[in-house]
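Observations on the model geometry
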Amino acid sequence: MKINIIGGGPAGMYFAILMKKADAAHDITIDERNGPDDTFGWGVVFSGKTLAKLREADESSHAEITRNFEAWDNVDVVRGDQKISIHGNSFSGIARLRLLKILQKRCEDVDIEIRFRTEITDIDSFKQNCDLLAGADGVNSIVRQTFRRNFQPHLSTRPNKYIWFGTNQLFHGLTLTFRETPTGVFAAHSYKFDKTTSTFIVECDEATWNRARFAEMSDETTRAYLADVFASDLNGYPLLSNNSKWINFVLVKNDHWSFDNVVMLGDALHTAHFSIGSGTKLAMEDAIALKQCFDNTADVRESLKDFERTRKPIIEDYQAAAYESMLWFEHARDYMQMSPIELAYVLMTRSGRVDHKSLKRRDPYFIAAYEENVSRKGAKAQRP
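Definitions and cut-offs
- Along each chain, numbering runs from 1 in the same order as the chain's sequence is written.
- In keeping with the model being predicted, local features are shown solely for residues with a pLDDT of at least 70 and side-chain atom pairs are shown and tallied solely at 80 or more, while totals for entire chains, interfaces and linings include all residues.
- Heavy atoms throughout the structure, all of them, feed into the side-chain values; hydrogens and water do not.
- Under the scheme used here, helices are H or I runs from DSSP no shorter than 4 residues and strands are E runs no shorter than 2 residues, and both carry numbers assigned from the N terminus.
- Buried residues are those whose accessible area, probed at 1.4 Å on protein chains only, stays under 20% of the maximum for their type, while exposed residues exceed 50% and partly exposed ones sit between those limits.
- We call two residues contacting when some pair of their heavy atoms lies within 4.5 Å.
- Where helices are involved, their axes are fitted lines through C-alpha atoms of the stretch in contact, as for all axes, and angles between N-to-C directions lie from 0 to 180°.
- Roughly parallel here means an angle under 35 degrees, roughly antiparallel means over 145, roughly perpendicular means 65 to 115, and every remaining angle is called oblique.
- The sense of a crossing depends on the near helix, which, turned anticlockwise from the far helix by less than a right angle, makes the crossing left-handed and, turned clockwise, makes it right-handed.
- Residue polarity is assigned by list, with Asp, Glu, Lys and Arg as charged and Ala, Val, Leu, Ile, Met, Phe, Trp, Tyr, Cys and Pro as nonpolar; anything else, Gly included, falls into the polar class.
- A pocket, in this scheme, is an open set of points on a 1 Å grid over the protein atoms alone with protein on both sides within 12 Å along at least 5 of 7 lines, while a cavity is a set where a 1.4 Å probe fits but cannot get out; residues line either one if an atom lies within 4 Å of a point.
- Grid points are joined across faces, edges and corners, and a volume is the space filled by probe spheres set on the points.
- Only strands that DSSP links by at least two bridges are regarded as paired with each other.
- To qualify as a nonpolar core, a set must consist of buried Ala, Val, Leu, Ile, Met, Phe, Trp, Tyr and Cys residues joined through side-chain atoms within 4.5 Å.

To continue, consider the overall build of the chain. Of regular secondary structure, the chain possesses 15 helices and 17 strands. Along the first, second and third principal axes, the C-alpha set of the chain runs to 75 × 45 × 40 Å. Across the 384 residues of the chain, 54% fall into the buried class. Taking the contacts inside the chain whose residues are at least 6 apart along the sequence as the reference set, 73% of them involve residues at least 24 apart.

This brings us to the packing of helix α3 (residues 59–67) against helix α4 (residues 96–109). The packing of two helices is summarised by the inter-axis angle and the distance between the axes. Between α3 and α4, the least distance of the axes is 10 Å, while the angle of their chain directions is 150°. Our classification of the angle between α3 and α4 gives roughly antiparallel. Crossing geometry of α3 relative to α4 is assigned as right-handed. Of the residues in α4, those in contact with Ser60, Ser61, Glu64 and Ile65 of α3 are Arg98, Leu99, Ile102, Leu103 and Arg106. For the contact of α3 with α4, the per-class residue count stands at four nonpolar, two polar and three charged.

Estimates place the volume of the second largest pocket at around 250 Å³. As for the second largest pocket, its lining consists of 18 residues, and the residues nearest its centre are Val78, Lys83, Phe171, Thr175 and Asp233. For the lining of the second largest pocket, the secondary structure elements donating two or more residues are β5 (75–79), β6 (82–86), β11 (174–181) and α10 (231–234). Considering every element that reaches the lining of the second largest pocket, the biggest residue donor is β11, with three residues.

A few words now on the pairing of β5. Within β5, five of the five residues are buried, which leaves the element mostly enclosed by the surrounding structure. Bridging between β5 and β6 involves five bridges; their strand directions are antiparallel. Within β6, the residue paired with Arg79 across the bridge is Gln82. Following β5, the chain reverses through two residues before pairing antiparallel with β6; Gly80 in that reversal takes a positive phi of roughly 65°. The pairing of β5 with β11 spans five bridges and is classified as parallel. Across the sheet, residue Asp76 finds its bridge partner in β11, namely Thr175.

The next point concerns the nonpolar core. Among the nonpolar cores identified, the biggest contains 63 residues, and Ile5, Tyr14, Phe15, Ile65 and Phe307 are the most heavily contacted of them. Within the second largest apolar cluster, 28 residues are counted, among which are Tyr191, Met338, Leu359 and Tyr370.

As a further point, take empty space enclosed by the protein. This model, assessed by the stated rule, comprises two cavities of 30 Å³ or more. What lines the largest cavity is simply Asn160, Val185, Phe186, Ala187, Glu203, Cys204, Asp205, Phe329, Glu330, His331, Ala332 and Arg333. Its residues assigned to classes, the lining of the largest cavity shows six nonpolar, two polar and four charged. In terms of lining residues, the second largest cavity is bounded by Arg158, Asn160, Lys161, Tyr162, Glu203, Phe249, His273, Phe274, Met326 and Glu330.

Here is the structure:
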C-alpha cells in the first residue's frame, strides 16, 4: 500500500512506524513543512495508561521515550504562600524535541522517508497518487481546509490567552499556580520534562491581558513581566522563549473523520485543552487506533470507517471533560476566594473524570484534610 502522510509530528510519524512494522512492503512517505530540528513549545506529558499503550504498540520507541522522561505522581496546587499536594497520579514528561528525534530515528530505522521543508499545496492531486492520505498537519491543517466540505469542521477560538515558556526552575510534579495581581489572575501550568528544564505555560483571561497591555510588549518585556508575577515560584530563574507568543486555544471538531482514501489524525482532527492533557498523547493514541483498524481489514475505506466508529466516541468523551476543565480556567478568578485546599479539591474534580471516591483512593491523606476543612467550616457556620 502506498501511504502519503502530510505532517511530520508525533501523529504522522507514529502512524507511519506502526504501519511499516505491520507490513514492511508499505511504501510510506511523510512530508513536513518544517525542518527536523524545528519545534515549538517545550515538554509534553504522558499518563501511565498512555505509556502502556505505547509499549504494546512499539517497544523500541517506548524504550527510548521512557529512557528520556521524568516521572511524578503528584499534582501541586499553589496559591499565596501555600502548596497543596495530591499524590497517586501517574504522569511523565519529555522534551518535545527529544520525542521528535526519537520518532525520526525510528522512521529512519524502518525505512520511512521524511521529506522536511516540503510544502504540499496541491492536496487533491496528492490524494490521487496514493492508496491512503493521512492529514496529520496540526491545528491549521491544510488537509482539513482543502476538504472542509467533506470533513465539515467546527473551530471555536476560546477567549483566554496563553503563552508557552520554559524555565530552568524544576517543578517536581504537575504544578498549577495562581497569582492575583492588580491587573487580574494569572495561572501557570508547569512540570519538569528533563533534568534541567520545565514547561511553564501562563494563562489569563482577556480582560487581564488587556489591562496588562501585553499587546504593546516585546518578547523580552513580556517575559520580565510574567517572571515578576511568578517571582516566588521561579526562584530567580528567567522564563525561556522558543518562539513563544500569546495565542488563544482553538477547539477543533469534525463531523466526519474521513472520506474516500483521506483521514486526519491528531490536532488536525480534534483538540483538547492543555489543562487536562497532552495533544501529543491523543495524537499517538489516534495512530495506534487507526493502525489497529487496518489490522482488521486491508480495505482502506472500511478501515477508515471503523476508525471513526470506534475512536470518535472516546475522543468526544475526552473533549467533553477537557471542555469543562477549559471553562474552569476561563473563570478561574471566581474561585480565588476559596482556601487553598478547597481550591485544590475543586481543581482535581473540575472535569468530571475524577470524583471524591477516586480521589480518596488516590490520596486518602488529601481527602482526610479536605473533609476536616469542610467539617470545621460547617461547625463554625452553625455557631450562634
